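# Descriptive analysis of the structure
The lines below spell out each chain.
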Amino acid sequence: MSDGDETLLDRPIWSALTTRQKHLAEGGPQALRFPVAMTPFADMVDMSAASFAALGELLSGSEVAALATPDAVIVPPGFKVVLAAAGEQMIGSPADSRLRDAEIVMLGVADVPAMMALTGLTKPGPFSVRTHELGTFLGIRSGGELVAMAGERMKPGNFTEMTAVCVHPDHRGRGYAQALLAAIARQIEARGEIPFLHVLSNNASAIALYQRQGMRIRRRLHFTAFMKQA
């Protein structure tokens, strides 16, 4: 299997944690996860009771494990499901989109409070205090306030996931999401990598936006988040 093999995307979390992001992996042969301060994503080598037990050993307190899998996950006793939803995995090169009245800037550690505030308001998916360490993050400011952003997260093989695409409600309709998505994609492609992303299946407007920019739905995945029963 080559790093450009799309089958790596069938289990994107496991593939990321066993290829380009294996230096971040916590766990062992049966279960792996990203550092919880980066993202709750985790996966198992299979869906056996032993693998669930191994993943459970990685979780403490109210920590959540979030899986993205080809098939729906049946969580065994001892775990509590907090999210079960279908999502579309989309791949392709988003078309360039220029901005007339805004500048795209690089975001870093000093921007984390603003990034947390924006993602907390818009809820594009899990985002935490170290998520920005997973790759490049770009943003747009207005009046000194961060009003739009997008970045990189999982990196399975030669693929790089675009994530946290969000715009403050007061600044929508100005093409910010399209411009940021295109800018992130150009950085990914400049490294010889292939951009992809995930979006919940019920988010019709986002799916339509990505399709208008030239991305295609590759397949449906199942997102399941759970924690250990108290």
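Residues numbered from 1 in each chain as written. Predicted model: local features only at pLDDT ≥ 70, side-chain atom pairs only at ≥ 80, totals over all residues. Heavy atoms only, no water.

## With respect to the packing of aromatic side chains
Any two aromatic rings considered together are summarised by their centre-to-centre distance and by the angle between their planes. What the rule picks out here adds up to four aromatic pairs. Taken together, a centroid distance of 5.9 Å and an interplanar angle of 45° make the contact between Phe 52 and Phe 226 tilted. Note that Phe 52 is positioned in helix α2 (residues 49-58) and Phe 226 in strand β11 (residues 216-228), a separation of 174 residues in sequence. Phe 52 sits in the buried class, given a relative accessible area of 3%. In this structure an aromatic cluster arises from ring pairing among Phe 52, Phe 79 and Phe 226. (Phe/Tyr/Trp six-rings, centres within 6.5 Å; stacked < 30°, edge-to-face > 60°. Helix = DSSP H or I, 4+ residues; strand = E, 2+ residues; numbered from the N terminus. Buried < 20%, exposed > 50% of the residue type's maximum accessible area, 1.4 Å probe, protein only.)

## Re the sheet that holds β11
Taken in spatial order, the eight strands make up an open sheet running β4-β11-β5-β10-β9-β8-β7-β6, and their pairing is mixed. Since the sheet does not close on itself, it has two edges, and those belong to β4 (65-69) and β6 (104-106), each with one partner. Between one strand axis and the next, the sheet turns by 30° as a mean value, whatever way the strands run. Across three bridges, the pairing between β6 and strand β7 (residues 137-142) is antiparallel. Note that in β7 the partner of Ile 104 across the bridge is Ile 140. With respect to the sheet, α2 is in contact with β4, β5 (79-91) and β11, its orientation differing from that of β11 by roughly 65°. Contacting β7, β8 (145-152) and β9 (159-167), helix α3 (residues 112-122) crosses the sheet at an angle of about 85° to β8. (Pairing = 2+ DSSP bridges. Axes fitted to C-alpha atoms, helices over the stretch in contact; angles between N-to-C directions. Contact = heavy atoms within 4.5 Å.)

## So, the sheet that holds strand β1 (residues 26-27)
Taken in spatial order, the three strands of this open sheet run β1-β2-β3, and their pairing is antiparallel. Both outer strands of the open sheet, β1 and β3 (42-44), are each paired with one neighbouring strand and no more. Here β1 pairs with strand β2 (residues 31-33) via two bridges, running antiparallel. Considered in β2, the bridge of Gly 27 is made with Leu 32. In this fold α2 packs onto β1, β2 and β3, with an angle of close to 35° to the strand it touches most, β2.

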